[in-house]
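Remarks on the overall topology
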Amino acid sequence: MDRFDPRTETFTHYRHDPSDPESLGSNRVWCVFEDSRGVLWVGTDRGLDRMDPESGTFLHYRHDPNDPASLSHDSVSDIAEAQDGTLWISTYGGGLNRFRVREGTFEPFRHRPGDDGSLSSDRVWTVMVDRDGRVWVGTEEGLNVFDPATGVFHAYRADPSDPSSLSHNSVSRIYRDSRGILWVATLGGGLNRFDEERRSFSAYRYDPRSPVSLSNNTVWDIAEDEAGSLWVATQSGVDRLDPQGICFPHYHWDPLDPRSLSNNHVTAFHEDRKGTLWVGTNGGGVNRWDRVRNRFESFLMNPDDPNSLSNNDVTCIVDGPDGSLWIGTRNGLNRFEPATGKWERYVHKEDHPHSLPHGNISALLPEDSMESLWVASFGGGLYRFHPERGVLDRFSACREKAGCLATDWLTCLLKARDGTLWVGGAGGLSALDPETKTVKTLDAERVGLASDNITVLYEDRKGGIWVGTEAGLHRWMPRSRSFVKYGTRELPGPLVAGIVEDDEGRLWISTNKGLSRFDPGTGRYRNYDEGDGLQSNQFWVRAAYRTRQGELLFGGIRGFNAFFPERILDNPYKPPVVLTDLLIFNRPVRIGDASPLQQSLPFTKKIVLTHEQSVVSFRFSALNFRAPEKNRYAYKLEGLDKDWNHVDSSRRFATYAHLPPGRYVFRVKAANNDGVWNEEGTALAVEVKPAWWQTWWFRGLGAALALALFGVLYHAKLQQLEAEKRATRILTESKEQLERKVAERTAELEASNRELEAFSYSVSHDLRAPLRAIDGFSGILHRQYRDRLDDQGVEYLDHVRSAAKRMNQMIDALLALSRIARAEVSRERVNLSELARETAAMLTAQDSGREVIFRIAPDLEVEGDPVLLRVLVQNLLENAWKFTADRPRALIEFGRTDVGGKSALFVRDNGVGFDGKYADKLFRPFQRLHSRERFPGTGIGLATVQRIVERHGGTIWAEGTQGGGATFYFLL
């Protein structure tokens, strides 16, 4: 067993010690329980333990076959406490125990075969005591409730023939939530909600077809958070059940269920006179929905049967006479009698003058008499149709517009209370007077419509006309005979697909990007999306409906949602806000002596930072798990930020760099998914300590020094003025004297240059002469007198010759370095790639036995001295050649790369590399990081390279690792 301290984030371990009788009874712990007196009880597979928190010792209660008042079984599975302080102990194998703590006695309750009033099984998983004193017991053979007053158990068991019974007999956990609802977890039957009045169970099970179902039917535990959500531990992870969350029941096509919806693209709804709901689809015909059994009966087109639907793309459904239905499709009008199953088709026929003028039906509107229909077609205008008399009236678009419809491509109809027939389509909006048969076309731009593509028309309970377009929502203002646009920024999507009003006068608006609830009285919008349970964010145009009971239906591309608006409740929970992490230079800060954190961050009220900890970040989170992706945050650092910084759930962090010394307070607040803010939030005091040069004493000393310096400068200024007066008098005399001195100094510099050249000549001549003598005479000794010398003498002679050779090479290198330092730098365009290829060819020819791959980038051109740049490239490539000598397959690269936004050239090899901490020594003359015997050389090459780069105004640096090669970067 472990005890966790959240302040220090440390664990204290308690283990069983066979040599210590007061240690934990067993390392296999099944449950831990703290009673009302603060006593900690531990259930193990070797009995019940009581812990002494001061000494850390345990008192053991175990089963004693010779003591009937002892624990009934040693495998203790759960512990609960009654209001009188009595403990109820469940065991897996010994039933239930009532433990009277003061007396230290146990009263067992066990299963008695043939006694229905006894415990249903001795294998008990869990026990819970409710407020009424009833004891709820979960066993391997069902759920039991025990009344201590009567001493009788009542069992609830699973019954496969009764869907309202317990889903599984193996009950693992019993939990009563804050609303008093009893939840029962099972090992195989998922989660159950128990209705105590009806004594029925509602099961929540795993459904492989539903991503929002329980993740596994094996449930181990249940817990509730402050917001009322249940957290369910299953065999496949942790699930969250939100009993109070938004509920948009979703109905869709299930390929495994032939009685499900026929197609997911839902385009139309209608409730007939008997209350039956009909659902039209795009491609799946029309469906009759049995709400009681939640089954759909589909009616599809049969090409060989004229007594069937004319087309499977259903666009609209309305009531017809005598209980029949009119169903519009993309290819004809249908009259259906549900009672007899009779279908009658009305389609467009070119050779039949009395047929429909156009078959693509977009909207239907019965006349008050129900004898005829207004039919809107997509491409054929508007006409009034009588099933026996045919087409009575027809209205279409014309060029003159006056007296004509705005368009023939109609999408929607609305008969307003004043008798006006509004006609909308892809091309404009018209108003028709059915009595006079006059048409007025409304110019979209003139009347204030954002688009002439009309998608939906709706009249609210107050007679307000609402028009949905592909560019937003509009309301008709009769006095000004114009429209006012709504929700430009508030609606989730620009295309308005459907409009329905609820009992409270709020408009529910479906769009191409979600659903919105709009209150015209307050102007408030509340948007919902797929994360709230919608079928998807995309809805079909005009697939919106309200039943006589006030239920709203919206169809989309993945089925439809049907819900009662009053059940869609906003989340009132003000989410607590916590700081989850503190980072300095983007690295998490851990608790420690030298750390700004001395305890866990949620328990920390203040942190102190040094001036060197100049980049600090805070991570935070709102504890609202209902659509947490919609949580919003606002933070600020008091003492620096003037206003709140607002961010969404994707940016739950704040970073501040180079904070000046001082005291600050970091504050963060959050809003839940419905915009309810926790204005209090959380806060953390932050103090940034100043550097020593920023302290008050240093600044005071600096001020004093500044005053003293001012005095000195003031005195110096007076002296300067006096000196200027004297200088004016002698200016003429000193000018000639100065010119003489300049001439003398110039002569001295010229002499110095001649002396430097003479020195170089002396070095090359005077030093080399003795070296040549040493080399020459030692060579004679080596050739003529080698046989007279012993082995040690020969070795000494070889050392002399080798040293003379190295001295000669060093003199050459020093002279070359000297010439580079004095040489004039001429600038012209130089192709370094060509220089590199020439050097590579030279090195390969000198040692053709090595396998070396050169990768030289093309067209590496720079401005510089061609002679010096040739020396630079040659030295770098020779350096790479030398230090890859022991590689069986060497690789040398010369190219260009981006370093800090600048284009840098580089030479890279896969040789022996070097220790990166000595990189600054590479360019010093005679500095060596490898032995001379392994890699011979003068030690001047890289110093020469650095001098050439600096003569061009550039920089050079190196990177490498031991055995991992080296890379030399330079900027010119």
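Scroll up a little and you will see the structure.
The notes below deal with the structure included here. (Residues numbered from 1 in each chain as written. Predicted model: local features only at pLDDT ≥ 70, side-chain atom pairs only at ≥ 80, totals over all residues. Heavy atoms only, no water.)

1. Examining the side chain of serine 324
Heads up, the condition is: Every helix listed is a DSSP run of H or I at least four residues long, and every strand listed is a run of E at least two residues long, numbered separately from the N terminus. Remark: exposure states derive from per-residue accessible area (1.4 Å probe, protein chains only) relative to the maximum for the residue type, with buried under 20%, exposed over 50%, and partly exposed in between. Under this definition, polar contacts are N or O atom pairs within 3.5 Å; protein pairs additionally need one hydrogen-donor-capable and one acceptor-capable atom, and for neighbouring residues in sequence, both atoms have to be side-chain atoms. Contacts were defined at the residue level, with two residues in contact if any of their heavy atoms lie within 4.5 Å.
Checked against the element boundaries, serine 324 lands in the loop between β27 (314–319) and β28 (325–329). The exposure class assigned to serine 324 is buried, which follows from its relative accessible area of 2%. Polar contacts involving the side chain of serine 324 include one to the main-chain carbonyl oxygen of proline 321, which spans 2.7 Å. Residue contacts for serine 324: discarding those within four places in its chain leaves Val318, Asp319, Arg335, Phe336, Glu337 and Pro338.

2. Observations regarding the sheet that holds strand β13 (residues 142–147)
Two strands in a sheet stick together by hydrogen bonds in their backbones, pointing the same way (parallel) or opposite ways (antiparallel). Test applied: Between any two strands, pairing holds if DSSP finds at least two bridges. Only C-alpha atoms enter the line fits that serve as axes; for helices the fit covers just the stretch in contact. Angles between N-to-C directions range over 0 to 180 degrees.
Taken together, the 4 strands give an open sheet; going across it, the order is β11-β12-β13-β14, and neighbouring strands pair in antiparallel fashion. The open sheet is flanked by β11 (124–129) and β14 (152–156), the only strands paired with a single partner. On average, adjacent strands in this sheet sit at an angle of 20° to one another, irrespective of strand direction. Across 5 bridges, β11 lies against strand β12 (residues 135–139) in antiparallel orientation. From the neighbouring strand, valine 129 faces β12, where its bridge partner is valine 135.

3. Points about the state of the cysteines
Applied cut-off: The term disulfide is used for any two cysteine sulfur atoms that are within 2.5 Å.
Counted according to the given criterion, the structure contains 1 disulfide. Here cysteine 398 connects covalently by a disulfide to cysteine 404, the sulfurs 1.8 Å from one another. Given an S-S torsion of about 95°, the disulfide between cysteine 398 and cysteine 404 has right-handed geometry. According to the relative accessible area criterion, cysteine 398 is partly exposed, its value standing at 22%. Just so you know, cysteine 316 is unpaired, no disulfide at all, and the nearest cysteine sulfur is the one on cysteine 412, 11 Å from it.

4. Observations regarding the packing of helix α5 (residues 866–883) against helix α6 (residues 941–951)
Defined as follows: Crossing handedness follows the turn of the near helix against the far one: under a right angle anticlockwise gives a left-handed crossing, and clockwise gives a right-handed one. Residue polarity follows a fixed list, in which Ala, Val, Leu, Ile, Met, Phe, Trp, Tyr, Cys and Pro are nonpolar, Asp, Glu, Lys and Arg are charged, and the others, Gly among them, are polar.
Across the interface, α5 lies against α6 with an axial gap of 9 Å and an inter-helix angle of 145°. Regarding α5 and α6, the two cross each other, and that crossing is left-handed. Residues Leu868, Val871, Leu872, Asn875, Leu876 and Asn879 of α5 touch α6, and the partners they reach there are Gly941, Leu942, Thr944, Val945, Ile948 and Val949. Residue classes in the contact of α5 with α6 are distributed as 8 nonpolar, 4 polar and no charged.

5. Some details on helix α4 (residues 832–846)
This is how it is decided: To estimate how far a helix should reach, multiply one less than its number of residues by 1.5 Å. By definition, the arc is the one covered by directions from the helix axis to the C-beta atoms.
Across its 15 residues, α4 extends 21 Å between first and last C-alpha, which sits within 8% of the 21 Å expected from 1.5 Å per residue. If you check which residues of α4 are buried, you get Leu832, Ser833, Leu835, Ala836, Thr839, Ala840 and Leu843. Buried positions in α4, seen along its axis, are confined to an arc of 155° and lie on one side of it. Buried residues in α4 make contact with β59 (828–831), β60 (852–856), β61 (861–864), α5, β62 (890–899) and β63 (902–909). N-capping of α4 is provided by asparagine 831, with a side-chain oxygen placed 2.9 Å from the backbone N of serine 833.

6. Regarding α6
Side chains three or four residues apart in an α-helix point the same way, a direct result of the helix having 3.6 residues per turn. Looking at α6, one finds that the buried residues are Leu942, Ala943, Thr944, Val945, Ile948 and Val949. Immediately beyond the C-terminal end of α6, within one or two residues, lies glycine 953, with a positive phi of roughly 80°.

7. Thoughts on the packing of aromatic side chains
Quick note on the threshold: Stacked, edge-to-face and tilted are the three classes for Phe, Tyr and Trp ring pairs, Trp counted by its six-membered ring, which pair at centre distances within 6.5 Å; planes under 30 degrees apart are stacked, over 60 edge-to-face, the rest tilted.
Per the stated rule, a full pass over the model turns up 58 aromatic pairs. A centroid spacing of 5.2 Å and a plane angle of 65° characterise the contact between tyrosine 61 and phenylalanine 99, whose relative ring orientation is edge-to-face. Here phenylalanine 99 lies in strand β9 (residues 95–100) and tyrosine 61 lies in strand β6 (residues 57–61), a separation of 38 residues in the sequence. With respect to burial, tyrosine 61 and phenylalanine 99 carry one shared label: buried. Between tryptophan 183 and tyrosine 204, the aromatic rings sit 5.8 Å apart at their centres with planes inclined by 45°, giving tilted as the arrangement. Of this pair, tryptophan 183 sits in strand β16 (residues 182–186) while tyrosine 204 is found in strand β18 (residues 200–204), placing the two residues 21 residues apart along the sequence. In this structure tyrosine 204 comes out as partly exposed when scored by relative accessible area, which is 31%.

8. Digging into unusual backbone geometry
Not every positive phi belongs to a glycine, and glutamate 9 is a case in point at roughly 55°. Structurally, the position occupied by glutamate 9 is in the loop between β1 (2–5) and β2 (10–13). At alanine 627, a residue that is not glycine, the phi angle is positive and equals roughly 50°. Locating alanine 627 in the fold gives a position in the loop between β53 (615–622) and β54 (632–638).

9. Describing a nonpolar patch on the surface
Definition in use: Only residues whose relative accessible area exceeds 30% and that form no salt bridge enter a patch; like-charged residues are grouped when within 9 Å of one another, and nonpolar side chains (Val, Leu, Ile, Met, Phe, Trp, Tyr) when within 5 Å. Accessible surface area values rest on a Shrake-Rupley calculation with a 1.4 Å probe, where residue burial reflects the displayed protein chains alone. Salt bridges, as used here, are contacts in which a Lys or Arg side-chain nitrogen is within 4 Å of a carboxyl oxygen on Asp or Glu.
Residues Trp692, Trp693, Trp696 and Trp697 make up a contiguous nonpolar surface patch of roughly 590 Å² in combined accessible area. Topologically, tryptophan 696 is positioned in helix α2 (residues 696–784).

10. Focus: the sheet that holds strand β51 (residues 587–588)
The antiparallel open sheet is built from 4 strands, whose spatial order is β51-β50-β53-β56. Bordering the open sheet on either side are β51 and β56 (653–657), each of which pairs with just one other strand. Direction of pairing for strand β50 (residues 577–584) relative to β53: antiparallel, over a ladder of 7 bridges. Opposite leucine 582, over in β53, you have phenylalanine 618 as the bridge partner.

11. Remarks on the packing of α4 against α5
Counted only if it meets this: Each angle receives one of four descriptions, namely roughly parallel if under 35 degrees, roughly antiparallel if over 145, roughly perpendicular if within 65 to 115, and oblique otherwise.
Their axes nearest at 9 Å, the elements α4 and α5 cross at an angle of 45°. Considering their axes alone, α4 and α5 lie oblique with respect to each other. In this structure, the crossing between α4 and α5 has a hand that is right-handed. Residue-level contacts link Leu832, Leu835, Ala836, Glu838, Thr839, Met842, Leu843 and Thr844 of α4 to Leu869, Arg870, Val873, Gln874, Leu877, Glu878 and Trp881 of α5. Among the residues making up the contact of α4 with α5, the classes are represented as 9 nonpolar, 3 polar and 3 charged.

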